[in-house]
Amino acid sequence: MHVMNADTIAVCTPRIIPAKARDRVANKYRDDVVVGRYDTSRYNHFRGRLNNWAAWRALRQALSHVAPGGRLLDIPCGTGRFSWHFSRAGWQTTAVDCSEQMLAAARRAGAASEANAPAFAQGDVFRLPYPDRHFDVAVCVRLFNLLERDDRLAALRELARVSKTVVASYYHPYTLKSASRWIRYRLGLRHAPGRRLTMRALKEEIAASGLVPQRRLWVAPLFSEEWLVVFRHASAGPAGGATQP
Ligand SMILES: C[S@@+](CC[C@H](N)C(=O)[O-])C[C@H]1O[C@@H](n2cnc3c(N)ncnc32)[C@H](O)[C@@H]1O
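Definitions and limits used
- Residues numbered from 1 in each chain as written.
- Predicted model: local features only at pLDDT ≥ 70, side-chain atom pairs only at ≥ 80, totals over all residues.
- Near = placed C-beta within 6 Å.
- Nonpolar A, V, L, I, M, F, W, Y, C, P; charged D, E, K, R; others polar.
- Helix = DSSP H or I, 4+ residues; strand = E, 2+ residues; numbered from the N terminus.
- Expected span 1.5 Å × (residues − 1).
- Buried ≥ 20, exposed ≤ 12 C-beta atoms within 10 Å, placed from the backbone.
- Arc of directions from axis to C-beta.
- Contact = placed C-beta atoms within 7 Å.
- pLDDT = per-residue confidence, 0-100.
- Pairing = 2+ DSSP bridges.
- Right-handed = clockwise from strand over helix to strand, strands pointing away.

(A) The arrangement of the site of the ligand in detail. Neighbouring residues of the ligand: 17 residues in total, closest Tyr 29, Pro 76, Gly 78, Cys 98 and Ser 99. Classifying every residue of the shell around the ligand by side-chain character gives 11 nonpolar, 2 polar and 4 charged.

The structure is reproduced here in structure tokens:
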């Protein structure tokens, strides 16, 4: 008979369990260096500002069904890229991120004394501490492109549990940048381009979610890799507007 003792355990356990992509993503943004250069490398230059402007314009359209004063969950809020825009536009904003470091930057992006400032909280998109349908809308920008399909679906379902509608961004390959990446890859000048969802893959994933897509918006055709998809619950019944995609 094999008897387990402390020595046996010491021999058996030095097994490295690879972190799941979702854990790697969560941990990456707890690094002070990553957080310190987050805005500078992504948004604090001409192209970044243009992208922010286009994304904000698309978000306003995607949120046209949420009345002023409505409860909005911004997750992950990151460094507060949109949190303060949401609150200044009149929505009661709760901004959540799993990283305390990103949250600290988000808090600094505005003044807590501002009327209707967002409420910031640490939280995990896979286990949110809010009751069912608490929010009018949950907004999730630039997270799904970092997750595997199963985790995207799990996160989407949790967002849909706590809110009446969801606006989520997905990354697609229909841009000039993707075309250039693909050509350089074929010429052996770069590594394989990252995964992006084709229209067909997006439709399949949406069907698997059990939610109803209300609208799909291009942030900036040919230039931005982002689509915004507006979801509602199937049980909410038909709510104005053609269903797309
Ligand atoms: C690429 S940033 C996007 C932030 C922001 N939405 C934006 O557009 O700049 C990804 C964010 O997701 C957060 N995050 C990663 N995993 C998370 C999780 N499980 N729950 C909540 N936030 C998470 C990270 O801390 C990081 O702030």
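(B) Focus on helix 5 (residues 46–62). Between its first and last C-alpha, helix 5 extends 24 Å over 17 residues, near the 24 Å set by a 1.5 Å rise per residue. Buried residues of helix 5: Ala 55, Ala 58, Leu 59 and Ala 62, and no others. For helix 5, the angular spread of the buried residues around the axis is 105°, confining them to a single face. Facing away from the buried side of helix 5 by over 90 degrees, the exposed positions are Phe 46, Arg 49, Trp 53, Arg 60 and Gln 61. Elements that come into contact with the buried residues of helix 5 comprise strand 5 (163–171), strand 6 (212–218) and strand 7 (226–232).

(C) Structural detail: the confidence of the model for the protein. For the protein, per-residue confidence averages 90 on the pLDDT scale, and residues scoring 70 or more make up 89% of the total. A low-confidence stretch, residues 239–243 (pLDDT under 50), is modelled with 6 contacts involving residues beyond four sequence positions or located in other chains.

(D) Examining the pairing of strand 4 (residues 135–140) more closely. Most of strand 4 sits inside the fold, with 5 of its 6 residues counted as buried. Judged from the 3 bridges that link them, strand 1 (residues 71–74) and strand 4 form a sheet pairing that is parallel. Directly across from Asp 74, in strand 4, lies its bridge partner Val 139. Two elements, strand 4 and strand 5, share 5 bridges in a ladder whose sense is parallel.

(E) Structural view of the environment of Ala 192. Within the fold, Ala 192 resides in the loop between helix 9 (176–186) and helix 10 (199–209). Separated by 10 residues in the primary sequence, Ala 192 and Trp 182 place their C-alpha atoms 7.6 Å from one another.

(F) Structural context of unusual backbone geometry. Omega for the bond connecting Ile 75 with Pro 76 falls within 30 degrees of zero, at -5°, which places this linkage in the cis form. Along the chain, the position of Pro 76 falls in the loop between strand 1 and helix 6 (83–88). A positive phi angle is found at Arg 142, which is not glycine, with a value near 60°. Relative to the assigned elements, Arg 142 resides in the loop between strand 4 and helix 8 (149–162). Although it is not a glycine, Leu 222 sits at a positive phi angle of roughly 75°. Inspection of the secondary structure assignment puts Leu 222 in the loop between strand 6 and strand 7.

(G) The pairing of strand 5, seen in detail. Of all the 9 residues making up strand 5, 8 are buried; the element is thus mostly covered by neighbouring parts of the structure. Handedness of the crossover joining strand 4 and strand 5 through helix 8 is recorded here as right-handed. Two elements, strand 5 and strand 7, share 7 bridges in a ladder whose sense is antiparallel. Bridge pairing links Val 166 to Phe 231 in strand 7.

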